Amino acid sequence: MSREFSIEAFQARLATRFVGRRLVYHASLPSTQDVARREAERDTPEGTTILADEQMAGRGRLGRGWVSPPGANLYFSVVLRPAAEHLRALGMIWPLAICRAVEDVTDLPARVKWPNDVLVGSRKLAGVLIDSEFGDSGGGYAIAGIGINVNFDVSPHEELRDTGTSISTELGREVAREEMLAAVLGHFEELYEAARRGEPVHDGWKARLDTLGRHVRVRFGDSVEEGVAEDAEPDGALILRRPDGSRVRIEAGEVTLREAEG
Ligand code: BTN
């Protein structure tokens, strides 16, 4: 069943100070990232959130697309103006906020696949794409683009059938997108403000990392490394123990489980 997103129901649930207080809703967009970028360039207040019911050209990490049909999921981009030293924290705060919101609203246990995919079981429920623009003078902005599969059957989508999931699939019933969005933004703001006060956010993220202790292959740029994911550093980098015993630090990439490949 597809239901229209109610801005009133969302606003009634939103308990933030500034994140999502300005919501710009579009029934259909190519990508919320582009509209958010234009807003950011125009000095829009921090926390401005662009939400689309459908995206015609939704973008994922590493040049991939993001399946974005109407009436089902959450696709939104939030304009942030962090100090440059908090930029990397965003990649940890968002997946942690999504995990906490999923657990608040549904009781489903949610974990993080390094660096910032949200999983239920071994399947991907949500993704985070952070674009940023920082000049030499230090001032700049980040656009955090979030896609969460909410009331959605992945099975007709070949690219998601084996690896993706949604809240309704896992729960066996639909949940209100308005409640989910308000919960994610609430947890995000709490964690973001903590990071800005200098509190560490890395521990909460690391405690949810499903990747640690696993035998993985990580692709980054044109390189591939294989080994055991041993640790995650405070800036979010992954530490891999290679088969020869040496350690390598990887800042960003795509993890696949070697166990899963057999
Ligand atoms: C990933 O590859 O895991 C990141 C997916 C990010 C998708 C979201 S949906 C809202 C925003 N607009 C986009 O085009 N992409 C992000």
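Residues numbered from 1 in each chain as written. Predicted model: local features only at pLDDT ≥ 70, side-chain atom pairs only at ≥ 80, totals over all residues. Heavy atoms only, no water.

(A) Broad picture of the overall build of the protein chain. Each helix and strand in the protein chain was counted, giving eight helices and 12 strands. If you line up the protein chain on its principal axes, its C-alpha atoms span 55 × 50 × 30 Å. Per-residue burial over the protein chain gives 51% buried out of 262 residues. In the protein chain, 64% of the contacts between residues at least 6 apart in sequence involve partners at least 24 apart. (Helix = DSSP H or I, 4+ residues; strand = E, 2+ residues; numbered from the N terminus. Buried < 20%, exposed > 50% of the residue type's maximum accessible area, 1.4 Å probe, protein only. Contact = heavy atoms within 4.5 Å.)

(B) How the structure looks around the packing of helix H3 (residues 87-106) against helix H6 (residues 177-196). One can describe the packing of H3 onto H6 by two numbers: an axis separation of 8 Å at closest approach and a directional angle of 135°. One way to sum up the angle between H3 and H6 is to call them oblique. Crossing handedness for the pair H3 and H6: right-handed. Of H6, the residues touching H3 (which contributes Leu 90, Ile 93, Trp 94, Leu 96, Ala 97, Ile 98, Arg 100, Ala 101, Val 102, Asp 104 and Val 105) are Glu 179, Met 180, Ala 183, Val 184, Leu 185, His 187, Phe 188, Leu 191, Tyr 192 and Ala 195. Here the contact of H3 with H6 is composed, by residue class, of 17 nonpolar, one polar and three charged. (Axes fitted to C-alpha atoms, helices over the stretch in contact; angles between N-to-C directions. Parallel < 35°, antiparallel > 145°, perpendicular 65-115°, else oblique. Left-handed = near helix turned anticlockwise from the far one by under 90°. Nonpolar A, V, L, I, M, F, W, Y, C, P; charged D, E, K, R; others polar.)

(C) Structural view of the site of the ligand. Around the ligand, 20 residues are found, and the nearest of them are Ser 31, Gln 55, Arg 59, Arg 61 and Lys 124. One of the side-chain nitrogen or oxygen atoms of Thr 32 is found 3.0 Å away from a nitrogen atom of the ligand. Lys 124 is positioned such that a nitrogen or oxygen atom in its side chain is 2.6 Å from an oxygen atom of the ligand. Protein coverage of the free-state accessible area of the ligand, which is 410 Å², stands at 97%. Of all the secondary-structure elements, those providing two or more residues to the shell around the ligand are helix H2 (32-41), strand E3 (74-80), strand E6 (123-134) and strand E7 (140-148). At four residues, the largest contribution of residues to the shell around the ligand is made by E6. Of the residues assigned to the shell around the ligand, the class counts are six nonpolar, 10 polar and four charged. (Near = heavy atom within 4 Å. Polar contact = N/O pair within 3.5 Å; in protein donor to acceptor, adjacent residues only side chain to side chain. Areas by Shrake-Rupley, 256 points an atom, 1.4 Å probe, with all protein chains shown as cover.)

(D) Here's a closer look at the packing of aromatic side chains. Following the criterion strictly, the structure yields six aromatic pairs and no others. Each ring, one from Phe 5 and one from Phe 10, has its centre 6.1 Å from the other, and the planes form 45°; the classification is tilted. Taken individually, Phe 5 and Phe 10 each receive the classification buried, so the pair is uniform in this respect. Residues Phe 18 and Tyr 192 carry aromatic rings whose centres are separated by 6.4 Å and whose planes lie at 50° to one another, so their mutual orientation is tilted. On the criterion of sequence distance, the pair formed by Phe 18 in the loop between helix H1 (7-13) and strand E1 (23-29) and Tyr 192 in helix H6 is long-range, its members being 174 residues apart. (Phe/Tyr/Trp six-rings, centres within 6.5 Å; stacked < 30°, edge-to-face > 60°.)

(E) Expanded view of the pattern of salt bridges. Counted under the stated rule, the structure contains 26 salt bridges. Between Arg 249 and Glu 233 there is a salt bridge whose closest N-O contact spans 2.3 Å. Here Glu 233 lies in the loop between strand E9 (223-232) and strand E10 (238-241) and Arg 249 lies in strand E11 (residues 247-250), a separation of 16 residues in the sequence. By relative accessible area, which is 24% here, Glu 233 ends up partly exposed. Overlapping salt bridges bring together Arg 88, Glu 233, Asp 235, Arg 249 and Glu 251 as one network. (Salt bridge = Lys/Arg side-chain N within 4 Å of Asp/Glu carboxyl O.)

(F) Quick peek at the environment of His 215. Among the secondary structure elements, His 215 is positioned in strand E8 (residues 215-220). In this structure, the C-alpha to C-alpha distance between His 215 and Pro 243, residues 28 residues apart in sequence, is 10.0 Å. Beyond its immediate sequence surroundings of up to four residues, His 215 is in contact with Glu 226, Gly 227, Val 228, Thr 256, Leu 257, Arg 258 and Glu 259.

(G) Main features of the sheet that holds strand E4 (residues 111-113). The seven strands are arranged E1-E2-E3-E7-E6-E5-E4 in an open sheet whose pairing can be described as mixed. The sheet terminates laterally at E1 and E4, the two strands that pair on one side only. The mean angle between the axes of side-by-side strands here comes to 20°, regardless of whether they run parallel or antiparallel. The pairing of strand E5 (residues 117-120) with E6 spans three bridges and is antiparallel. Looking at E6, one finds that Val 120 is bridged to Arg 123. (Pairing = 2+ DSSP bridges.)

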